[in-house]
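Here are the chains, one letter per residue:
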Amino acid sequence: MKMEFDIVTPESQGIASGQIISFLKRLEKIEIPIHSMILMRHGKIVAETYYRPYSREELHRMFSVTKSMVSLAIGLLCEEGKLSLEDRIVSYFPEKIPKEGVHPYIAQITIKDMLRMATAHGKTTYKQKETKDWVGTFFCVTPSHLPGKLFSYDTSASHTLAALVEKLSGKELLMYLREKVLDEIGFSSDAYCMKDPMGVSIGGSGMMASSYDMLRVMYLISQGGNWQGKQLLPVWYLKEATKKQIDTFAKGPTFEEMQGYGYQFWCTQNQGYVCYGMGGQLMLVLPEKELILITTADTQSRQGGVQLIYDAFWQEIYQKISDQAIAENPEECQRLRKEWGTRELLVPFGKNDSLWSKKIHGVVYQMDDNSRGFDEVLVQFFDGEGNFIYRGKNGEGKISFGIGKNRIGKIEPYGYRIAASGVWRSEDTFFIRVHVLDQCIGTIFIQLIFSEDGITTFMKKYEESEFGEWDGFLSGKALTKDKELDN
């Protein structure tokens, strides 16, 4: 039977409910799109918040948090005696060595170097070479420096380690971890890891899991790998993995990322460690306070957004924690549970109506020639919601949005699930914010500025590899109303 964590008042664990509300309020005020937040102290949940349609059971792309899971699998294989951290990675993949031989720098790379992000590559190798064999690129892309000396974030190292786990265990990455650890702690049975073109689990960024899944994992790690009396992870490995193994000061783009790196775990201020995935996937453990913070988010549209989450947490919660229970505040506690337990995904600020709504409803705009494939666009407005319709070389697509609220739908031709909302930023300017919620996580901004005879648009996508057409400027002229769609 799955063990569920106790839910208690924050005050019973030395945290004021108002502090947690202030933390969440601050993030909303500075436009940080949080998807979920769980706060635990002394092994008990004191706050849990989900932004619709996310929920406790919802799977979320964890991005580079996956790297930490790969690290746990490497630790287990090491404990089994199937590898040593000092082994050179080339010895495990002779079939990937180029015919002309391997570069001497690559030949020197150890598993420990890969765990510490101290390989010979300055950046991810499979993004530098067009091939289906992502693992193979680690061994054939020309290195940039001697390994084992300095930190340089290399996602291909994590991916190659995932391939090593699968090669030595004979199982998929998550299946191996399930049999060893995850099933025991109640990890979601439908969680999975995306695959590369060769069928290898994407060890650098591919895991789909829930926030609550990650709470279970981080609690297990915080307990030295012991779960209800069973030692599931090796103590010695966890100690090494979660402490500073290499300096990141010169390479860290933010202050938090300058605190050091362990074995696929980041070090943080206040003697903490964290599994960190792009966009605000943070699984933070602070041993001195027996505190765990879990967040999922999409900060790609907010420069420096992850650091802003950290700053808000340190200032609004961490610095104000008491070592003893504090006086209960039933009103604030109730507010935290009811008003802040379930929230709406971030919607833009603006008005819900404009005189232009009726004027441009259903008007077809013919767009100037453009490389992004948009031939025509139109906007429809109904009671509290609307549609943005676009036509072009990829056929016809539609984004359905709520006015001042999110509406769940899909974006074509991708088929990804989205939550979209629109508001009038001024009388003639309508703005649509699209949250992409699937394996692909991102945000698309669509700004539409209307005149008597035309439209000017600016579209911006905040996502790593897709939606290239949703980026840039477009202009067009008004034609007649689309009668079929208007009806």
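The residue numbering used here restarts from 1 in each chain and proceeds along that chain's sequence as written. Side-chain atom pairs in this predicted model are given and counted only at pLDDT of 80 or more, local residue features only at pLDDT of at least 70, and totals for whole chains, interfaces and linings cover all residues. Hydrogens are left out, water is left out, and the side-chain values use all remaining heavy atoms of the structure.

What follows is about the sheet that holds strand 2 (residues 44–52). Pairing between two strands is assigned when DSSP locates at least 2 bridges connecting them. Numbering of helices and strands runs from the N terminus, with a helix taken as a DSSP run of H or I at least four residues long and a strand as a DSSP run of E at least two residues long. The strand order 8-9-10-11-1-2-12 describes an open sheet built from seven strands, whose pairing is mixed. A single partner strand is all that each edge strand has here, and the edge strands are strand 8 (266–268) and strand 12 (342–344). Taking each pair of neighbouring strands and ignoring which way they run, the sheet shows an average axis angle of 20 degrees. For strand 1 (residues 34–41) and strand 2, the ladder comprises six bridges, and the chain directions are antiparallel. Across the sheet, the residue bridging to isoleucine 38 is glutamate 48, located in strand 2. Where helix 2 (residues 65–79) meets the sheet, its contacts fall on strand 9 (272–277) and strand 10 (281–286), and the angle it forms with strand 9 comes to roughly 120 degrees. Contacting strand 1, strand 8, strand 9, strand 10 and strand 11 (291–297), helix 10 (residues 305–316) crosses the sheet at an angle of about 35 degrees to strand 10. A fitted line through C-alpha atoms represents every axis, and for helices the fit uses only the stretch in contact; the resulting angles, taken between N-to-C directions, go from 0 to 180 degrees. By definition in these notes, contact holds between two residues if any of their heavy atoms fall within 4.5 Å.

We now examine the pairing of strand 14 (residues 374–381). Here's how the labels work: a residue is buried when its accessible area is under 20% of the maximum for its type, exposed when over 50%, partly exposed in between, all with a 1.4 Å probe on protein chains only. Summarising burial for strand 14: six of the eight residues are buried, a large majority. Across two bridges, the pairing between strand 13 (residues 363–367) and strand 14 is antiparallel. When the sheet's bridge partners are listed, tyrosine 365 is paired in strand 14 with valine 377. Bridge count between strand 14 and strand 15 (residues 385–392): seven bridges; the pairing is antiparallel. Looking across to strand 15, one finds that valine 379 is bridged to phenylalanine 388.

As a further point, take unusual backbone geometry. The general pattern is negative phi for most residues beyond glycine and trans for most peptide bonds. Note that the residue after arginine 52, namely proline 53, is joined by a cis bond; omega there is 10 degrees. Tracing the backbone shows proline 53 in the loop between strand 2 and strand 3 (60–61). In this chain, glutamate 412 is followed by proline 413 through a cis amide linkage whose omega measures 5 degrees. Here proline 413 lies in the loop between strand 17 (407–411) and strand 18 (416–426). With a phi angle near 50 degrees, phenylalanine 63 is a residue other than glycine that sits in the positive phi range. Its place among the elements puts phenylalanine 63 in the loop between strand 3 and helix 2. For glutamine 271, which is not glycine, the phi dihedral falls at a positive 60 degrees. Considering the arrangement of structural elements, one finds glutamine 271 in the loop between strand 8 and strand 9.

Side-chain atoms within 4.5 Å link the members of a nonpolar core, which is a set of buried Ala, Val, Leu, Ile, Met, Phe, Trp, Tyr and Cys residues. Formed by 73 residues in total, the largest nonpolar core has its most connected members in Ile74, Val217 and Met218. The element contributing the most residues to this core is helix 2, with nine residues. In terms of nonpolar packing, the next biggest core, distinct from the first, is built from 45 residues, Tyr54, Leu286, Tyr310 and Leu437 among them.

Take the packing of aromatic side chains next. Any two of the Phe, Tyr and Trp rings considered here, Trp counted by its six-membered ring, make a pair once their centres fall within 6.5 Å; the pair's planes then place it as stacked at under 30 degrees, edge-to-face at over 60, or tilted in between. Scanning all chains against the criterion turns up 39 aromatic pairs. When the centroid spacing of 5.7 Å and the interplanar angle of 35 degrees are considered together, the rings of tyrosine 237 and tyrosine 263 count as tilted. Here the residue tyrosine 237 occupies a position in helix 9 (residues 235–241), and tyrosine 263 occupies one in the loop between helix 9 and strand 8, the gap between them amounting to 26 residues. For tyrosine 237, a relative accessible area of 1% translates into the label buried. Judged by centre distance (6.2 Å) and plane angle (65 degrees), the rings of tryptophan 266 and tyrosine 276 are edge-to-face. Of this pair, tryptophan 266 sits in strand 8 while tyrosine 276 is found in strand 9, placing the two residues 10 residues apart along the sequence. These aromatic residues form a ring-pair network of at least three members: Trp356, Tyr365, Phe381, Phe401, Trp424, Phe430 and Phe450. Either the NZ atom of lysine or the CZ atom of arginine qualifies as a charge over a ring when it sits within 6 Å of the ring centre and within 35 degrees of the ring normal. Note that lysine 289 overlies the ring of tyrosine 318, its terminal NZ or CZ placed 5.7 Å from the centroid.

As for its position among the elements, glutamate 469 is in the loop between strand 21 (454–462) and strand 22 (472–481). One buried charged residue, glutamate 469, remains without a salt bridge, the closest side chain of opposite sign being lysine 393 at 8.0 Å. Of the polar contacts made by the side chain of glutamate 469, one reaches the side chain of tyrosine 414; its length is 2.9 Å. Polar contacts involving the side chain of glutamate 469 include one to the side chain of tryptophan 470, which spans 3.4 Å. Setting aside anything within four residues of it in sequence, one finds glutamate 469 in contact with Arg372, Phe374, Tyr414 and Met459. Counting rule applied: Lys, Arg positive; Asp, Glu negative; His and chain ends not counted. Any Lys or Arg side-chain nitrogen located within 4 Å of an Asp or Glu carboxyl oxygen qualifies as a salt bridge. In the analysis that follows, any N or O atom pair within 3.5 Å is treated as a polar contact, provided that within protein one partner can donate a hydrogen and the other can accept it, and provided that, for residues neighboring in sequence, both atoms belong to side chains.

This part is about helix 10. An expected span of 1.5 Å times one less than the residue number is assigned to each helix. Its 12 residues give helix 10 an end-to-end C-alpha distance of 16 Å, which sits within 8% of 16 Å, the value for a rise of 1.5 Å per residue. Most of helix 10 is tucked away: nine of the 12 residues are buried. Residues Gly305, Val306, Gln307, Ile309, Tyr310, Ala312, Phe313, Trp314 and Glu316 constitute the buried set of helix 10. Along its buried surface, helix 10 packs onto helix 1 (17–29), strand 1, strand 8, strand 9, strand 10 and strand 11.

This paragraph deals with the pattern of salt bridges. Under the criterion given, the structure shown has 29 salt bridges. Close ionic contact of glutamate 31 with arginine 433 constitutes a salt bridge, the shortest N to O distance being 3.3 Å. Within this pair, whereas glutamate 31 is found in the loop between helix 1 and strand 1, its partner arginine 433 is found in strand 19 (residues 429–437), the two being separated by 402 residues in sequence. You can call arginine 433 buried: its relative accessible area is 3%.

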